[in-house]
Amino acid sequence: MVLDDLGTSLRSSLDTLQGKTRLDEDDVEEIVKEIQRSLLSADVDVSLVMELSDSIETRALEEEPPGGTTARDHVLKIVYEEMVALVGDSTALPLESQTILLAGLQGSGKTTSAAKMAWWFSTKGLRPAVIQTDTFRPGAYDQAKQMAERAEVDFYGDPDGDDPVEIAREGMEATADADVRIVDTAGRHALEDDLIAEIEEIEREVDPDRSLLVLDAAIGQGAKDQARQFEESIGIDGVVITKLDGTAKGGGALTAVNETGSSIAFLGSGETVQDIERFEPSGFISRLLGMGDLKQLSERVERAMQETQEEDDDWDPEDMLEGSFTLKDMKKQMDAMNRMGPLDQVMDMIPGMGGGMMDQLPDDAMDVTQDRMRKFERIMDSMTDEELENPRVVGQERTRRIARGSGTDEETVRQLLEQHSMMERTIEQFQGMGEGDMQRMMKKMGGGGGGLGDMMGGGKGPFG
Ligand SMILES: Nc1nc2c(ncn2[C@@H]2O[C@H](COP(=O)(O)OP(=O)(O)O)[C@@H](O)[C@H]2O)c(=O)[nH]1
Ligand SMILES: [Mg+2]
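Since the structure is predicted, the reported quantities are computational estimates derived from the model, not experimental observations.

### A few points about a negative patch on the surface
Where like charges cluster on the molecular surface, the negative patch consists of Asp-24, Glu-25, Asp-26 and Glu-30. By the secondary structure assignment, Glu-30 is in helix α2 (residues 25-41). The class of Glu-30 is partly exposed, set by a relative accessible area of 40%.

What follows is the structure in structure tokens.
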């Protein structure tokens, strides 16, 4: 993802502020240097980096933190606001009838993005159409047509036409029934005069509501010139960043949004039409800074639950809310947790647990936790079906046997059983609430009160 490294290094430099209530110039300088380092290594344009770090520095030194705010939170808030201001808000693309023109160099991902965006709009209940005007690249018509078919959206193109402006005009007429018309254009290997002339003519012809610049995440420093050129010729309202599934850091996209005074509209992360994501600036930056993004978290929770369920048809998380909560259920829940990714990343998405919260744990708390999870899993593997279904039958004798069988110790077995009964009590609170809302339950479990939080801190952690 774009600027993942920024989040990591920024958090570690913010950590040095832990416990401080006042900032001195050295602190601010240190943080600003860290921000500069990360942004530059993510290929963000140098002058933009300077501009951004200057305003962060000025604000951090001049603004008085509100009473009770720690130095760390004060800086975090300023960095957050400046970053959000930089990437823009997501109101750039409302869900309404509109014509969107795509611009960008050849290979940047315009044709793919046209189909992806059309697919995305179709999932929102709008009727999209793709108009292909590329007469420059051989095979452009077939490629666009195939992708539109995969996206199951209307398509217009002319395989024999050689005048892009005429194709655009005909396309607008032919797709009059569509709500959202996405006009794909040709690119060139470089910014050449004939490319600019062509896209200006198409722009005059279709009179788009919005023009988006499509950029490969790998663009780097070249982003600035491209963005300025397209901004001058047709005006850019938003940027689509593609190929985020690759290794590129995507910093060029930040340069482009800044240069065009626009915002990031969509992120592309794969070759199929579903590999598109609407960009949500505040959630994105929050996650970057470890401030928590619940929406993302709940989506991930849902997906992980679904995957676990698909693997085991007999197990339905909703059952937990009806019957009894067995150790088998607990194991499934742990599997689902594991699927959500590294625990520290998941924790970052929970407000109040990301960033600041993590600092209060000892450095190796996360390892202990992963280790503990693995031990719990081994213990459960050594238990009989009867014991998994009804853990109450596990007494002294069986505890000893299970500890030996799993290569752990009796204390850990007892911890697991305690953990289970705490979770069972939490579940009971949800039973009889009517609709079984898994998300709500998972949130509760993440937030303490006998859930993941306790599992992480060994029952004595800071979350419970
Ligand atoms: N991995 C990956 N490949 C992409 C993505 N978007 C586009 N591509 C690939 O990049 C190449 C160029 O894309 P295309 O849409 O034809 O670019 P255009 O020349 O701007 O129309 C094609 O091989 C696409 O499959 C993406 O988000 N991820
Ligand atoms: Mg194309």
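### Quick word on the side chain of Thr-399
Note on placement: Thr-399 falls in helix α18 (residues 396-406). At 2.7 Å, the side chain of Thr-399 forms a polar contact with the backbone oxygen of Gly-395. Among residues more than four places away in sequence, those in contact with Thr-399 are Val-394, Glu-410, Val-413 and Arg-414.

### Digging into unusual backbone geometry
The phi angle of most residues is negative, glycine excepted, and most peptide bonds adopt the trans form. For Glu-152, which is not a glycine, the phi torsion comes out positive at approximately 55 degrees. Within the element layout of this structure, Glu-152 appears in the loop between α6 (140-151) and β3 (154-156). Overall, Glu-152 belongs to the exposed group, its relative accessible area being 71%. Of note in this structure, Asp-207 is not a glycine but carries a positive phi near 45 degrees. Here Asp-207 lies in the loop between α8 (193-206) and β5 (210-216). Residue class for Asp-207 comes out exposed when judged on its relative accessible area of 59%.

### Notes on the pattern of salt bridges
Under the defined criterion, the tally for this structure stands at 22 salt bridges. For Arg-59, the salt bridge identified is with Glu-81, shortest N-O distance 2.6 Å. Here Arg-59, found in helix α3 (residues 46-62), pairs with Glu-81, found in helix α4 (residues 71-87); they are 22 residues apart in sequence, far enough to count as distant. Note on Arg-59: relative accessible area 18%, which makes it buried. Notably, a salt bridge pairs Glu-387 with Arg-401, separated by 2.8 Å at the nearest N-O pair. Taken together, the residues Glu-387 in helix α17 (residues 385-389) and Arg-401 in helix α18 connect sequence positions 14 residues apart. The exposure class assigned to Glu-387 is buried, which follows from its relative accessible area of 1%. The class of Arg-401 is partly exposed, set by a relative accessible area of 32%. Shared partners join several salt bridges into a network, and the residues in it are Arg-59, Glu-63, Glu-81 and Glu-82.

### A few points about the packing of helix α9 (residues 223-233) against helix α10 (residues 251-260)
Interaxial distance between α9 and α10 falls to 8 Å at its minimum, and their mutual angle equals 30 degrees. What the angle tells us is that α9 and α10 run roughly parallel. The two elements α9 and α10 cross, and the hand of that crossing is right-handed. In this structure, α9 contributes Ala-223, Lys-224, Ala-227, Arg-228 and Glu-231 to the contact, and α10 contributes Gly-252, Thr-255, Ala-256, Glu-259 and Thr-260. Residue composition of the contact of α9 with α10, by class: three nonpolar, three polar and four charged.

### So, the site of ligand 1
Gly-107, Lys-110, Thr-112, Arg-137 and Asp-245 are the nearest of the 17 residues found near ligand 1. Residue Arg-137 places a side-chain N or O atom 2.6 Å away from an oxygen atom belonging to ligand 1. For ligand 1, an oxygen atom lies 3.5 Å from a polar atom in the backbone of Ser-269. Considered on its own, ligand 1 offers 580 Å² of accessible surface; in the complex 82% of this is hidden by protein. The greatest single-element share of the shell around ligand 1, amounting to four residues, is contributed by helix α5 (residues 110-123).

Rules of the game
- Every residue gets a number counted from 1 within its own chain, in the order that chain's sequence is written.
- Each chain gets a letter, beginning with A, and each ligand a number, beginning with 1, in the order they are written.
- Given that the model is predicted, a residue must reach a pLDDT of at least 70 before its local features are reported, and side-chain atom pairs must reach 80 or more before they are shown or counted; all residues, however, enter totals for whole chains, interfaces and linings.
- Heavy atoms from the whole structure form the basis of all side-chain values; hydrogens and water molecules are not counted.
- Candidates for patches are residues over 30% relative accessible area with no salt bridge; among them, like charges are joined within 9 Å and nonpolar side chains (Val, Leu, Ile, Met, Phe, Trp, Tyr) within 5 Å.
- In these tables, accessible area is a Shrake-Rupley quantity obtained with a 1.4 Å probe, and a residue counts as shielded only by the protein chains included in the view.
- Salt-bridge detection follows one rule: a side-chain nitrogen of Lys or Arg within 4 Å of a carboxyl oxygen of Asp or Glu.
- Under the convention used here, Asp and Glu are negative, Lys and Arg are positive, and both His and the chain ends fall outside the count.
- Lysine's charge is taken at NZ, arginine's at CZ, aspartate's at CG and glutamate's at CD.
- Secondary structure elements follow DSSP: runs of H or I of four or more residues count as helices, runs of E of two or more count as strands, with numbering from the N terminus.
- Throughout, exposure labels follow a simple rule: accessible area from a 1.4 Å probe, protein chains only, divided by the maximum for the residue type, with under 20% read as buried, over 50% as exposed, and the rest as partly exposed.
- Nitrogen and oxygen atoms within 3.5 Å of one another constitute a polar contact, given that in protein one can donate a hydrogen and the other can accept it, and given that sequence-neighbouring residues count only through two side-chain atoms.
- Whether two residues are in contact is decided by their heavy atoms, any of which lying within 4.5 Å being enough.
- In this description, a line fitted to the C-alpha atoms serves as the axis of each element, helices being fitted only across the stretch in contact, and the angle between N-to-C directions of two axes falls anywhere from 0 to 180 degrees.
- Just so you know how the angles are binned, under 35 degrees is roughly parallel, over 145 roughly antiparallel, 65 to 115 roughly perpendicular, and the rest oblique.
- Should the near helix be turned counterclockwise from the far one by less than a right angle, the crossing is left-handed, whereas a clockwise turn marks it as right-handed.
- Basically, the charged four are Asp, Glu, Lys and Arg, the nonpolar ten are Ala, Val, Leu, Ile, Met, Phe, Trp, Tyr, Cys and Pro, and anything else, Gly included, counts as polar.
- Think of it this way: one heavy atom of a residue within 4 Å of a molecule or strand is enough to make that residue near it.

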